[in-house]
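Here is what each chain is made of, one letter per residue.
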Amino acid sequence: MLAVHLVSFFFSKLQEDPTKKVDRFLHAMRLHDDQLSDISARFLDEMKKGLSKESHAAAAVKMLPTHVRSTPDGSEKGQFLALDLGGSKFKVLQVKVREGVGLKKGGVEMEEKVYPIAKELQDGRGTELLDHVSESLKDFLQEKNISLEKKHPLAFTFSFPCEQRSLDQGFLLGWCKKYKARGLQGKDVVQVLREAIDRTGGMDIEVLAMVNDTVATMMTCGFDDKYCDVGLIIGTGTNACYMEQMRHVDLVEGDEGRMCVNVEWGAFGDDGALNDFITEFDRDVDAASTNPGKQIFEKMVSGMYLGELVRLVVLKMAKRGLLFDGHVSDALRTKGKITTAHVAAMEEYRNGLQNAKDILMQLDLTPSPDDCIAVKHVSTIVSFRSSNLVAAGLAAILTRIKQNRNVRALRITVGVDGTVYKTHPQYPKRLHKVVRQLLPEFQVRFVLSDSGSSKGAALVAAVAQRLASQKRKVNETLSLFKLSPEQLQLVKDRMRAGLEAGLKCKGPSTIKMLPSYVCHRPDGKEYGKYLALDLGGTNFRALLVRFKRQRTRLYHKIYPIPLEIMQGTGEELFDHLVQCVCDFLDYMGMKNVRLTAGFTFSFPCEQTAIDTGTLVSWTKDFKATGCEGHDVVNMLREAIKRRNEFDLDIVALVNDTVGTMMSCAYEDPKCEIGLIAGTGTNLCYMEEVKNIEKIEQKRGTTKTEKGTLEGEEDQQQGGMEAEKTERDDDTTKMCINTEWGGLGDDGSLHDIITPYDIEVDQHSVNPGKQRFEKLTSGMYLGEVVRQVLLDLTRRGLLFRGHVTETLKTPGIFETKYLSQIESDNLALLQVRCILQKLGFNSNCDDCIIVKKVCGAVSRRAAQLCGAGMAAVVDKIRENRRLDHLSITVGVDGALYKLHPHFSLVLQETTRVMASQCEVTFLPSEEGSGKGAALIAAVARHKQEM
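Residues numbered from 1 in each chain as written. Predicted model: local features only at pLDDT ≥ 70, side-chain atom pairs only at ≥ 80, totals over all residues. Heavy atoms only, no water.

A.B. asks: Would you mind showing me how to read the overall build of the chain here?
C.D. replies: Assigned secondary structure in the chain consists of 32 helices and 28 strands. Relative to its length of 945 residues, the chain is extended, with a C-alpha radius of gyration of 39 Å against a globular reference of 30 Å. For the C-alpha atoms alone, the extent of the chain along its principal axes is close to 135 × 70 × 50 Å. Expressed as a percentage of its 945 residues, the buried residues of the chain come to 58%. (Helix = DSSP H or I, 4+ residues; strand = E, 2+ residues; numbered from the N terminus. Rg over C-alpha atoms; globule rule 2.2 N^0.38 Å. Buried < 20%, exposed > 50% of the residue type's maximum accessible area, 1.4 Å probe, protein only.)

Below, the structure is given as structure tokens:
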């Protein structure tokens, strides 16, 4: 009896406050922030599983790629048909994106008709279902007087889980929302639709895209809001999608750009991840469903199940005597008698209690005022839990996007559709509030889809059509930079012809083939201290190099050269260089020591000896007057005299290419070629002296103004002297500075030069000169890219057609940006940051195009250098009458060393085009400065012999 009294007392107390009784009964449904954060973290882990190829098959949250790669940008236009199949009815629409207007508000017009889907079609054969869809489509065309002969692009909204292998291909994974049509699961629904259209006949339909309703919602809201990267459905079913970085979507090849991922979050919990949050009422709903154990999250939050959850709670409370004095009606026992619409009605602020009373009376119940309050509160708790769970899932998605973007704060818009969100009076506010509680640092805006998923599907088709057209036009532009094997062979042949012509005494040649008078490479016996001076670009470098027992110690300082010095007078330039040398000698404490020096001078010079050189012409933006036609070594000596603070013995004038070869030859005796691929480009190699008609040749020895080329040949003795001299003469070599950058100055490269190259050349300091260099070197590649970007933008294919002053600024796009943008490890978000720093307002699609442009320009440059290299190594092989040549190339230059792909393309092109040569590329560690010191050391050693 005591127990009975206690129970009676307990219930009487609860009846004093109906909401407390419900709170106690449904305490498991009331989720606090820590629990929601835990659920959000679990969901984030499930997303990662679904994205990974290794764990995707076992993942409950499937994270399905949609192949939708872009949101609207405002330039889409055209007329499209749309089908929207996702519930008990489906719609056929004509969507017009008005030409000449674009995607502005009001720029889209729609006509639609709703067709019912009978239950026997939902449960029947899949082919019959899609035959009905096709026949309805034809009826719509006829009713709206839309031409049946004209080809119509069509987008298909299909709101069921599908594995999409392309935008117009989707394999049904399983039905939901009471659909059970046979024979479609595992099939390509788009193909089945096409076959149905063929059976119906009389229509010319091109199915461009298949879209989930969630994706279509995101696209619809993206129509007006460029920040909309998330779609959310909270209606009869529930789902979400968002724009994911391609590098994380393992199921699709490629890592550039973004792709919309259909999360299919309704299955969250199917693997037990939500077991500790599932109530007995959830288990009852699941057990009575058509798919037990599946779509657990959806059954906790979506409109199909919220009413049933409320009914089960109310039923159990009534059975326990907590409602209606323990009376239970047959209607209350009947599944589906309380709907989600009833739940929304009972939660209305003003009329909720009256609505609750009316609904309960329709269930043959006689509710008291407290019963109405309690049932209304049950509805509140059930729907509040739904919005909380949706907020937790959404928080995980937004966190994922923030992590992808690597930003501290995120501004983003969520496009929303669905009857629960639209019709429930409190749901949106609750959802927004909880999302902001979970993510206080995020700026999240929710936009209601104004035209449903149908408009979005048409926009997907419009975007796909725009991207296809854009891709075609961009590819046509970049095809100008694509070199065929035949074109590369022609470049190789023309380079070879230029090399041969340049070696001759007479006749014009664009490739200068300048003798360097460097005839000896290091032998490891070099010793002592040598000064190296290196002028090759915007910086001047002074170096002190010590050689001892095949070991090297190097000290250096770098001095910038102001533009006014580069383009002033020659006297000012060389005085500036001497001032820098003076500072360096002070720094090293060697101002009073007379050092032997080598001078690296990276401009074309005619040399008559190793320590003299007449400047042929300036390159690389140098324009100092009074230098061309003068001996630069003599100008340096005169500047030293004017300074009168130190003295140098300048024994060698060295091109940077020659210095690079010598530096690498110190490490590898097989190094007989030097290559510079940096701000400028050039190549040198060891040529047979007998082939160099430019220098005077005599039988036995080859002499210069400074003495013999091969001092040891003067030591020939005995009666074999003539024979040995003749043999040695045949093998004597000299390093030739090719100055190959001039190839094409005679028009021989006209068939591969693009209009963009012509623009760059015409606006350079030396129009018509150094044409090969302007196709291959770091000084010009960035400018070539800028010209392409400018043209694509003017044609509306890039940066939404907005030509900024920055984009029109010559030199703004430096070649270093090519190296950064083409890095394999660089995400497009980082590419976008680079472009934003340059003043380019870009989106993800723009970044992809810019990266493609950079790749096309740099690949062509590397291939051209490879073709030129093939000409040189084949010439050396043929000089030596070898079937196979093994040789090393010493390389320097930022383009070769820093660009992520240049060196590989260069090496591969050389390998293919010079198949009888084994070419090893050895990057120079110390560059041409060390090489100049080595040449000075070798020259001093020979003088002393």
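A.B. asks: Explain the nonpolar core to me, please; I cannot follow it from the model alone.
C.D. replies: One recurring pattern in soluble globular proteins is that nonpolar side chains are buried together. One finds Ile673, Tyr685, Phe813, Ile821, Leu835, Val850 and Phe902 to be the most contacted residues of the largest nonpolar core, which totals 114 residues. The dominant element in this core, judged by the number of residues it contributes, is helix α29 (residues 844-879), at 19 residues. Listed in part, the 55 residues of the second largest apolar core include Leu36, Ala395, Leu410 and Ile412. (Core = buried A, V, L, I, M, F, W, Y, C linked by side-chain atoms within 4.5 Å.)

A.B. asks: I tried to follow the packing of helix α10 (residues 303-319) against helix α14 (residues 369-405) on my own but got confused; where do I start?
C.D. replies: Any two packed helices are characterised by the angle at which their axes cross and by the distance between the axes. The contact between α10 and α14 brings their axes to 10 Å, and the two run at 135 degrees. Taken together, the axes of α10 and α14 are oblique relative to one another. Viewed along their axes, α10 and α14 form a crossing whose handedness is right-handed. Where α10 approaches α14, its residues Leu306, Leu309, Val310, Val313, Val314 and Met317 are matched on the opposing element by Val375, Val378, Ser379, Val382, Arg385 and Ser386. Broken down by class, the residue content of the contact of α10 with α14 amounts to nine nonpolar, two polar and one charged. (Axes fitted to C-alpha atoms, helices over the stretch in contact; angles between N-to-C directions. Parallel < 35°, antiparallel > 145°, perpendicular 65-115°, else oblique. Left-handed = near helix turned anticlockwise from the far one by under 90°. Contact = heavy atoms within 4.5 Å. Nonpolar A, V, L, I, M, F, W, Y, C, P; charged D, E, K, R; others polar.)

A.B. asks: Whenever I open this one, the pattern of salt bridges confuses me. Can you help?
C.D. replies: Pairs can form between side chains of opposite charge once their charged atoms are near each other. If you walk through the whole model with that rule in mind, you get 52 salt bridges. For the salt bridge of Asp139 with Lys113, the shortest nitrogen-to-oxygen distance reads 3.2 Å. One end of the pair, Asp139, is in helix α5 (residues 126-143); the other, Lys113, is in strand β4 (residues 108-116), and 26 residues separate them in sequence. Judged by relative accessible area, which is 30%, Asp139 ranks as partly exposed. Between Glu878 and Arg496 there is a salt bridge, with the nearest N and O atoms lying 2.8 Å from each other. Within this pair, whereas Glu878 is found in helix α29, its partner Arg496 is found in helix α18 (residues 485-503), the two being separated by 382 residues in sequence. Overall, Glu878 belongs to the partly exposed group, its relative accessible area being 42%. Because the salt bridges share partners, they merge into one network encompassing Lys492, Arg496, Glu500, Glu687, Asp874, Lys875, Arg877 and Glu878. (Salt bridge = Lys/Arg side-chain N within 4 Å of Asp/Glu carboxyl O.)

A.B. asks: In this structure, what is going on with the sheet that holds strand β5 (residues 151-158)? I would like to understand it.
C.D. replies: Sheets are built from strands paired through backbone hydrogen bonds, the pairs being either parallel or antiparallel. Spatially, β4-β3-β2-β5-β8 is the arrangement adopted by the five strands of the open sheet, whose pairing is mixed. Each edge of the open sheet is held by one strand with a lone partner, namely β4 and β8 (204-211). Looking at each pair of strands side by side, their axes are set apart by 25 degrees on average, direction ignored. Pairing of strand β2 (residues 78-85) with β5 involves five bridges; the strand directions are parallel. In the strand pairing of β5, Leu83 is matched with Phe156. Each of β2, β3 (89-97), β4, β5 and β8 is contacted by α5, which is oriented at about 130 degrees to β4, the strand it contacts most. (Pairing = 2+ DSSP bridges.)

A.B. asks: Just checking my understanding: could you explain the pairing of β5 for this structure?
C.D. replies: Two faces, one strand: in a regular strand the side chains alternate between the faces of the sheet. Counting buried residues along β5, seven of its eight residues qualify, which places the element largely inside the surrounding structure. Bridge count between β5 and β8: seven bridges; the pairing is parallel. For Leu154, the partnering residue across the bridge sits in β8 and is Val207.

A.B. asks: Please explain helix α22 (residues 656-665) as it appears in this structure.
C.D. replies: An α-helical turn contains 3.6 residues, so a residue and the one three or four places further along point in the same direction. Burial within α22 is extensive, with 10 of its 10 residues counted as buried. For α22, the set of buried residues is Asp656, Thr657, Val658, Gly659, Thr660, Met661, Met662, Ser663, Cys664 and Ala665.

A.B. asks: Got a minute to help me understand the pairing of strand β19 (residues 605-609) in this structure?
C.D. replies: Relative to strand β20 (residues 612-615), β19 runs antiparallel, the two being bridged by three bridges. Considered in β20, the bridge of Glu606 is made with Thr614. What sits between the antiparallel neighbours β19 and β20 is a turn of two residues.

A.B. asks: Sorry if this is basic, but what is going on with the packing of aromatic side chains here?
C.D. replies: Under the criterion given, the structure shown has 26 aromatic pairs. When the ring of Phe156 is compared with that of Phe158, the centres are 5.5 Å apart and the planes differ by 50 degrees; the resulting orientation is tilted. For Phe156, a relative accessible area of 0% gives the class buried. Phe158 gets classed as buried once you look at its relative accessible area, which sits at 2%. Put simply, the rings of Phe156, Phe158, Phe160, Trp175 and Tyr179 touch in pairs and so form one group of aromatic residues. For the cation-ring pair, Arg430 lies above Phe384, with the distance from its terminal atom to the ring centre recorded as 5.0 Å. (Phe/Tyr/Trp six-rings, centres within 6.5 Å; stacked < 30°, edge-to-face > 60°. Lys NZ or Arg CZ within 6 Å of the ring centre and 35° of its normal.)

A.B. asks: Help me out: how do you make sense of the environment of Ser449 in this one?
C.D. replies: Within the secondary structure, Ser449 is located in the loop between β13 (442-448) and α17 (452-478). In this structure Ser449 comes out as buried when scored by relative accessible area, which is 2%. On a C-alpha basis, the gap between Ser449 and Ser915 in space is 62 Å, while along the polypeptide they are 466 residues apart. With sequence-adjacent residues up to four places away left out, Ser449 is seen in contact with Thr217, Thr220, Cys221, Val416, Asp417 and Lys422.

A.B. asks: Please clarify how the sheet that holds strand β22 (residues 671-677) should be interpreted in this entry.
C.D. replies: With mixed pairing, six strands are arranged side by side in an open sheet as β14-β26-β23-β22-β27-β28. The strands lining the two open edges of the sheet, one partner per strand, are β14 (514-515) and β28 (917-923). Pairing of β22 with strand β23 (residues 681-688), which is carried by five bridges, proceeds in the antiparallel orientation. Bridging across to β23, Gly674 finds its partner in Cys684. Sheet strands touched by α29: β22, β23, β27 (885-892) and β28. Its angle to β23, the strand with the most contacts, is close to 5 degrees.

A.B. asks: Just checking my understanding: could you explain the packing of helix α13 (residues 352-362) against α14 for this structure?
C.D. replies: For the pair α13 and α14, interaxial distance at closest approach is 9 Å and the crossing angle is 100 degrees. With respect to α14, the axis of α13 lies roughly perpendicular. Every residue of α14 that contacts α13 at Gly352, Leu353, Ala356, Lys357 and Leu360 is listed here: Cys372, Ile373, Val375 and Lys376. For the contact of α13 with α14, the per-class residue count stands at six nonpolar, one polar and two charged.

By themselves, these figures tell us nothing about what the structure is for.
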